[in-house]
Amino acid sequence: MKKAFLMLFLLCVCGVTYGQIRLNDGSILVSKRVSIGLKGGVNICKMLYTDSNVKIEHDFGFRPAAGVYIEIPVRRFLSISPEFLFIQRGTQTSYEYDVDYIINYKMNVRYIDFRVPFQFYWLVSNTFKPYAFVAPDFGYVLGGTISLEQKYLEIEEAHCDIGSANHSQYDFSILMGVGFRFDINMKNTSIFIKVEGGYNNGLLNTFSPKETEDGSTPLNVYAYNNTGYRFNRGIEVMLSIGMPLYFRQGTCSYFEKQSRW
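Structure report, in brief.

Rules and cut-offs
Residues numbered from 1 in each chain as written. Predicted model: local features only at pLDDT ≥ 70, side-chain atom pairs only at ≥ 80, totals over all residues. Heavy atoms only, no water. Helix = DSSP H or I, 4+ residues; strand = E, 2+ residues; numbered from the N terminus. Buried < 20%, exposed > 50% of the residue type's maximum accessible area, 1.4 Å probe, protein only. Contact = heavy atoms within 4.5 Å. Areas by Shrake-Rupley, 256 points an atom, 1.4 Å probe, with all protein chains shown as cover. Pairing = 2+ DSSP bridges. Salt bridge = Lys/Arg side-chain N within 4 Å of Asp/Glu carboxyl O. Core = buried A, V, L, I, M, F, W, Y, C linked by side-chain atoms within 4.5 Å. Patch = residues over 30% accessible without salt bridge, like charges linked within 9 Å, V, L, I, M, F, W, Y side chains within 5 Å. Phe/Tyr/Trp six-rings, centres within 6.5 Å; stacked < 30°, edge-to-face > 60°.

## Brief notes about the overall build of the protein
Next, step 1: Broken down by element type, the protein carries two helices and 11 strands.
Next, step 2: Ordering the α and β elements of the protein from the N terminus gives α-β-β-β-β-β-β-β-β-β-β-α-β.
Next, step 3: Expressed as a percentage of the 261 residues in the protein, the buried residues total 46%.
Next, step 4: Contacts in the protein between residues far apart in sequence, at least 24 positions, make up 71% of those at least 6 positions apart.
Next, step 5: As displayed, the protein has an accessible area near 13800 Å², and 61% of this comes from carbon and sulfur atoms.

And the structure:
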């Protein structure tokens, strides 16, 4: 699965270098069109349980996210930006069981995501470009942990690893949001900074088939009931920095002086 994600990303890169505008002299110039960058931020996440018998409210938690992307303009106001993102998701809750017994439950799941945002720009100026975006998001579970703390009970602590017995190994979601791009032109090159926020809506049930088919027992039956569905939800706040690429036929990429995007 990881190899498949990598192949998709490499195909996007190859498509960019092959399909750019060809100038009259036969060279290919994408200096003002294609860029690569790094991004990172926080995922404010929880899980939605559809079973109406679940009475306990799950809380939002803060999880890190970081990745790389390549932005490919398609039109003057539209670009696509394939990216790989390492992101953590999960849920947490605290509640009182019986009398004076406080239960703390936390799930932390590590994902690698491949997503392809479509970004729609408003060209306010050469250096400031607000945008909206929407992206299909394919996620693969790398691992994680589930922890349960219940002081003064017979088993005060319990921990287990995320696996196929307690979590679906795949997820698909839709990401939507808005952002702001700030271009910074320097003497020898240009960079840009983007700040964005989005809502990630999971569409696949994250309960594993073993849980729903009673092949395994949930760690905390009071925190949730696996007869319904469980979906990822998240508010993502990201900061990214990028740099335009320059390609000319017969040479490696380089940065052209006094460029402007």
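## So, the pairing of strand E10 (residues 190-202)
Two faces make up the sheet, and in a regular strand the side chains alternate between them.
Next, step 1: As defined by bridge partners, strand E9 (residues 170-185) adjoins E10 across 13 bridges and the pair is classed as antiparallel. Residue pairing for E10: Ser173 is matched across the bridge by Gly202.
Next, step 2: What sits between E9 and E10 in their antiparallel hairpin is a turn of four residues.
Next, step 3: Pairing between E10 and strand E11 (residues 230-244): 10 bridges, direction antiparallel. Among the inter-strand pairings, Asn200 is bridged to a residue of E11, identified as Gly234.

## Some words on the pattern of salt bridges
Side-chain pairs of opposite charge can arise whenever the charged atoms involved come near each other.
Next, step 1: Applying the stated criterion to the full structure yields 13 salt bridges.
Next, step 2: The partner of Asp183 in a salt bridge is Arg181, and the shortest N-O contact between them spans 2.7 Å. The same class applies to Asp183 and to Arg181, which are both buried.

## Regarding the nonpolar core
Next, step 1: One finds Met107, Val109 and Ile162 to be the most contacted residues of the largest nonpolar core, which totals 18 residues.
Next, step 2: Mapped onto this core, the elements with two or more residues apiece are strand E1 (35-49), strand E4 (83-97), strand E5 (101-115) and strand E7 (128-150).
Next, step 3: Examining the composition of this core, we find that five residues originate from one element, E5, more than from any other.
Next, step 4: Excluding anything up to four places from it in sequence, Met107 contacts Met47, Arg63, Arg89, Gly90, Thr91, Thr145, Ile146, Ile162, His167 and Arg230.

## So, a nonpolar patch on the surface
Next, step 1: Residues Phe77, Phe118, Phe120, Val134 and Met176 make up a contiguous nonpolar surface patch of roughly 430 Å² in combined accessible area.
Next, step 2: Tracing the backbone through its elements, the reader meets Val134 in strand E7.
Next, step 3: On the basis of relative accessibility, which here comes to 32%, the residue Val134 falls in the partly exposed class.

## As for the pairing of strand E2 (residues 61-75)
Next, step 1: Here E1 pairs with E2 via 11 bridges, running antiparallel. Along E2, the bridge assignment pairs Ile36 with Ile70.
Next, step 2: Bridge count between E2 and E4: five bridges; the pairing is antiparallel. Paired with Ala65 across the two strands is Ile87, which belongs to E4.

## What to know about the packing of aromatic side chains
Next, step 1: Under the defined criterion, the tally for this structure stands at nine aromatic pairs.
Next, step 2: Residues Tyr140 and Tyr170 carry aromatic rings whose centres are separated by 5.6 Å and whose planes lie at 50° to one another, so their mutual orientation is tilted. Of this pair, Tyr140 sits in strand E7 while Tyr170 sits in strand E9; the two residues are 30 residues apart in sequence, bridging distant segments of the chain.
Next, step 3: The exposure class assigned to Tyr170 is partly exposed, which follows from its relative accessible area of 43%.

What is shown is where atoms sit, not what they do.
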